[in-house]
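Residue-level structure breakdown
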Amino acid sequence: MQQLTEITSEAKQEYIVQVSTGELFTFRIEYLHRIASWVCNITYKDITINGIRIAKSPNILSQYANLLPFGIACDSTYKVDPFDLTNFSEGLHKLYILTASEVVELNTILSK
């Protein structure tokens, strides 16, 4: 599990992230003031997924497990989803890149 530590309080951000296989994906995040929420867009190879709401979850990409060899976890000591522009930059919420094996392990645990 790799933490994304570069997230700032800018409303629009883009990162190139390397997964455990050495492959890269584009991770774009945007804060939407009107709904007080963060969303992301992901491009991996020829797959683009837009408008994924970033919520406190063990894997916000779980429905795409058959398409992506990674996942993204959002964690916080708070019991709410990230709702403020500074939630990530101040460390209140954290994003992690999950490896393919971590996604499989997580799915096994959650399916019990």
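Up top is the structure.
Read on for an overview of the structure. Predicted model only: the values in this text are computed from it and were never measured.

One open sheet accounts for 4 strands, arranged S2-S3-S4-S5; its pairing is antiparallel. Each of the sheet's edge strands pairs with one partner strand only, and the pair in question is strand S2 (12-18) and strand S5 (47-53). Going across the sheet, the axis of each strand differs from the next one's by a mean of 15°, ignoring polarity. Alignment of strand S4 (residues 37-44) against S5, held across 5 bridges, turns out to be antiparallel. From the neighbouring strand, Val 39 faces S5, where its bridge partner is Arg 53.

What follows deals with the pattern of salt bridges. By the definition in use, this model includes 4 salt bridges. The partner of Lys 12 in a salt bridge is Glu 30, with the nearest N and O atoms 4.0 Å apart. Residue Lys 12 is located in strand S2, and its partner Glu 30 is located in strand S3 (residues 24-32); the two are separated by 18 residues in the primary sequence.

What follows covers the packing of aromatic side chains. As enumerated under the stated definition, the model contains 5 aromatic pairs in all. Consider the rings of Trp 38 and Phe 88, whose centres lie 5.5 Å apart with planes at 75°: the pair is edge-to-face. Placement of the pair is Trp 38 in strand S4 and Phe 88 in the loop between strand S6 (70-76) and strand S7 (93-99), with a sequence separation of 50 residues. Summarising the burial analysis for this pair, Trp 38 and Phe 88 share the class buried. Feature note: the residues Phe 25, Phe 27, Tyr 44 and Phe 70 constitute an aromatic cluster, connected by ring pairs.

The next subject is the state of the cysteines. A covalent bond between the sulfur atoms of two cysteines is what we call a disulfide. One pass over the structure, following the stated rule, counts 0 disulfides. Counting only cysteine sulfurs, Cys 40 is the nearest neighbor of Cys 74, a cysteine outside any disulfide, at a range of 9.9 Å.

Not every positive phi belongs to a glycine, and Ala 36 is a case in point at roughly 50°. Along the chain, Ala 36 falls in the loop between S3 and S4.

Calculation rules
- Residues numbered from 1 in each chain as written.
- Predicted model: local features only at pLDDT ≥ 70, side-chain atom pairs only at ≥ 80, totals over all residues.
- Heavy atoms only, no water.
- Pairing = 2+ DSSP bridges.
- Helix = DSSP H or I, 4+ residues; strand = E, 2+ residues; numbered from the N terminus.
- Axes fitted to C-alpha atoms, helices over the stretch in contact; angles between N-to-C directions.
- Salt bridge = Lys/Arg side-chain N within 4 Å of Asp/Glu carboxyl O.
- Phe/Tyr/Trp six-rings, centres within 6.5 Å; stacked < 30°, edge-to-face > 60°.
- Buried < 20%, exposed > 50% of the residue type's maximum accessible area, 1.4 Å probe, protein only.
- Disulfide = S-S within 2.5 Å.

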